[in-house]
Amino acid sequence: MFGQAVNALPQNEVDAPPAPELRWLRWLFVAFVFSFMFDYKAPDLAFDSEKTGGSVFQFAFLGLALATSGLTILIGWRYLLVRPGTYLILFWWGYLAFMLTVAFLSGNEPGRILRLLITPLLLGLGLVTTHIVACAGMRPGEAVRWFLGAALGSVIWNLFFGIFGHGSSLSEVRMEILSPAIRFLFAWVGCSLLLRRTFSWWTLFVLAVPMIPTVLSVTRSLAFPILASALGAGLCLVLGMMWRLYPASHPMKKLGPIAIGAGGGLVAVILVALALPQVTDRWADRLFHNKGGGATTEDLSALMRKAEAKSMLDILSEEPLSFVYGKGLGASYYWDESFFPELFQVYPEDRHQFADDIYTAGHSIWTYTLFSSGIIGMALTIGMFLAVMGFSLWAAWSNAQTVMGRWAWDAHLLFLPFVAMLCTLSESITRNPFDERFTGVLFGVMAALPQFFFNRAFYLRHREQEATLAPQIILQEDELPDDDWESAFPERVLIE
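The structure presented is a predicted model; accordingly, all values stated were derived computationally and were not measured.

1. Points about the overall build of the protein chain
Per the secondary structure count, the protein chain includes 20 helices and zero strands. Every one of the 496 residues in the protein chain was classed for burial, and the buried ones make up 50%. Pairs at least 24 residues apart make up 83% of the contacts formed inside the protein chain by residues separated by at least 6 positions. Here the protein chain displays about 22,600 Å² of accessible surface, and carbon together with sulfur accounts for 67% of that area.

Following this line, the structure appears as structure tokens:
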């Protein structure tokens, strides 16, 4: 009875009224979220040490992101002091200042510094922009819908541009067809399947969009965010039941949606195998025969990452103190030559892949973070992930302590930042998410999402306190009917 009553409440019963300036801030937020949706990767620049610029389109994307976030800050600067999100903002921008200081003191080329700074900068701007619209009264569901639209658009764009824009075979552009939004979409699907109160067929479409490039690219590491999404959402379901966000019967209601999702995925894989048998063969090679046809002693991908990591450690070892603060963004590294004999057995005519000087963000977030900003940077980066995950759980617990917050239709979004960070972390060993600019935008939005729910919890607690105190102000205690409290104050019964 109570659950049905609260579920029927409109959204303005659980969120504070929006501020007047939200009508401007909303469209600035939308423009920022979509600013890098059409970003792309050029395969010929992967290891080129001479080219640090981008196309005119990419500069336009950056200009749009800077302009919209700048205007958002100009209009809503007073919201930057709202806690606890302001602590996360200060934390990340402090880290940016540290990275810049180390890079310039190390004498690295400014162009390379700024190129590698774009993703962390977009993360900071995304964090600030989303925090401001949250405090101005945007609903969390609306923010996630815009986020979801940009993520889906990015995946579809990268798939078609990678296949038709490069004029190369699918095997040669396998990394170019992948969008950084894929891991975030898997996180959303996990929360939707396990934590959403009602099943939506829209979830199957969102699942199909990232699965198509995952299968076509033959990328094994994408199995990690899929698994992390399932495990993370499952853990959040347990916590939600402990905090009474979900009834004990909720897991049984999810068996049907999970079966539908698994069945849909299985059918899609079978259809791809039948339609593109060459993709199936490539998957078999990647999974079971990825040692260069027996020419290498171990997996090719592992060899390449070891060659990269060893060179970074050797460079840092030349000046042991640099292990503390790193070599700075834009510092060059190489692939250790001790791995070349095996690699050249597989790539005898493709030696340009092993340039003498490499300036990209590397294949792993942890090796490159250690190389560029040292142990301090490692601790701060891990701290950022853990802080967002902690804020997500804290926001969920805070809403569980309110009555109406437990029954909000978008309660599954409470845990989305936690699952999204877990998906990103799961892939971080084999890939560096911060090597892709759109990651900064999406990460920033996820990092600020808990602030929406902190605002909701504060608003609901304030309303409940007012409702609790109001009868005591109006009536004297001796006027209250001892035997009929519920009929005297039915609204108090609803709140409790």
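2. Digging into the packing of aromatic side chains
Taken as a whole and assessed by the stated rule, the structure comprises 22 aromatic pairs. Judged by centre distance (5.8 Å) and plane angle (65 degrees), the ring pair of Phe36 and Phe61 falls under edge-to-face. Highlighted residues: Phe36 in the loop between helix H2 (22-33) and helix H3 (56-76) and Phe61 in helix H3, separated in sequence by 25 residues. This pair shows no difference in class: Phe36 is buried, exactly as Phe61 is. Between Trp243 and Phe415, the ring centres sit 6.5 Å apart and the planes meet at 15 degrees, which makes this aromatic pair stacked. Here Trp243 is found in the loop between helix H9 (223-242) and helix H10 (250-253), whereas its partner Phe415 is found in the loop between helix H16 (365-400) and helix H17 (416-427), with 172 residues between them in sequence. Phe415 shares its class with Trp243; the two are buried. If you follow Arg112 out to its NZ or CZ, it ends over the ring of Tyr359, 3.9 Å from the centre.

3. Thoughts on the side chain of His412
Positionally, His412 belongs in the loop between H16 and H17. The exposure class of His412 is buried, given its relative accessible area of 3%. For His412, the contacting residues outside a window of four places in its chain are Cys191, Leu195, Arg196 and Tyr246.

4. What about the pattern of salt bridges?
Summed over the entire model, instances satisfying the criterion amount to 13 salt bridges. Notably, a salt bridge pairs Lys310 with Asp314, separated by 3.1 Å at the nearest N-O pair. Residue Lys310 and its partner Asp314 are both found in helix H13 (residues 300-317); the two are separated by four residues, about one turn of the helix. Asp314 gets classed as partly exposed once you look at its relative accessible area, which sits at 28%. Here Arg456 ties to Asp410 by a salt bridge, and the two come within 2.9 Å at their closest N and O atoms. Residue Arg456 is located in helix H18 (residues 437-474), and its partner Asp410 is located in the loop between H16 and H17; the two are separated by 46 residues in the primary sequence. You can call Arg456 buried: its relative accessible area is 2%. What emerges from the salt-bridge pattern is a single network uniting Arg183, Glu427, Arg431 and Glu436.

5. Looking at helix H8 (residues 202-217)
Given a rise of 1.5 Å per residue, 16 residues ought to cover 22 Å, and the 24 Å separating the end C-alpha atoms of H8 matches this to within 8%. Thr203, Val206, Leu207, Val209, Pro210, Pro213, Thr214, Val215, Leu216 and Ser217 are the residues of H8 that are buried.

6. Digging into the confidence of the model for the protein chain
When pLDDT is averaged along the protein chain, the result is 83; 81% of the residues meet or exceed 70. The spread of mean pLDDT over the elements of the protein chain runs between helix H20 (residues 490-495), the lowest at 36, and H2, the highest at 97.

7. Quick look at unusual backbone geometry
A cis amide bond, omega 0 degrees, links Arg83 with the succeeding residue Pro84. On the secondary structure map, Pro84 appears in the loop between H3 and helix H4 (85-105). The phi dihedral of Arg244 falls on the positive side, at around 65 degrees, and the residue is not glycine. Along the chain, the position of Arg244 falls in the loop between H9 and H10.

8. Notes on the packing of helix H7 (residues 182-195) against H8
For the pair H7 and H8, interaxial distance at closest approach is 9 Å and the crossing angle is 150 degrees. Taken as axis vectors, H7 and H8 run roughly antiparallel relative to one another. Here H7 and H8 pass one another in a crossing that is left-handed. Packed against H7, whose contacting residues are Ile182, Leu185, Phe186, Trp188, Val189, Ser192 and Leu193, the element H8 presents Trp202, Thr203, Val206, Leu207, Pro210, Met211, Pro213 and Thr214 at the interface. A per-class count over the contact of H7 with H8 returns 12 nonpolar, three polar and no charged.

Cut-offs and rules
- Residues numbered from 1 in each chain as written.
- Predicted model: local features only at pLDDT ≥ 70, side-chain atom pairs only at ≥ 80, totals over all residues.
- Heavy atoms only, no water.
- Helix = DSSP H or I, 4+ residues; strand = E, 2+ residues; numbered from the N terminus.
- Buried < 20%, exposed > 50% of the residue type's maximum accessible area, 1.4 Å probe, protein only.
- Contact = heavy atoms within 4.5 Å.
- Areas by Shrake-Rupley, 256 points an atom, 1.4 Å probe, with all protein chains shown as cover.
- Phe/Tyr/Trp six-rings, centres within 6.5 Å; stacked < 30°, edge-to-face > 60°.
- Lys NZ or Arg CZ within 6 Å of the ring centre and 35° of its normal.
- Salt bridge = Lys/Arg side-chain N within 4 Å of Asp/Glu carboxyl O.
- Expected span 1.5 Å × (residues − 1).
- pLDDT = per-residue confidence, 0-100.
- Axes fitted to C-alpha atoms, helices over the stretch in contact; angles between N-to-C directions.
- Parallel < 35°, antiparallel > 145°, perpendicular 65-115°, else oblique.
- Left-handed = near helix turned anticlockwise from the far one by under 90°.
- Nonpolar A, V, L, I, M, F, W, Y, C, P; charged D, E, K, R; others polar.

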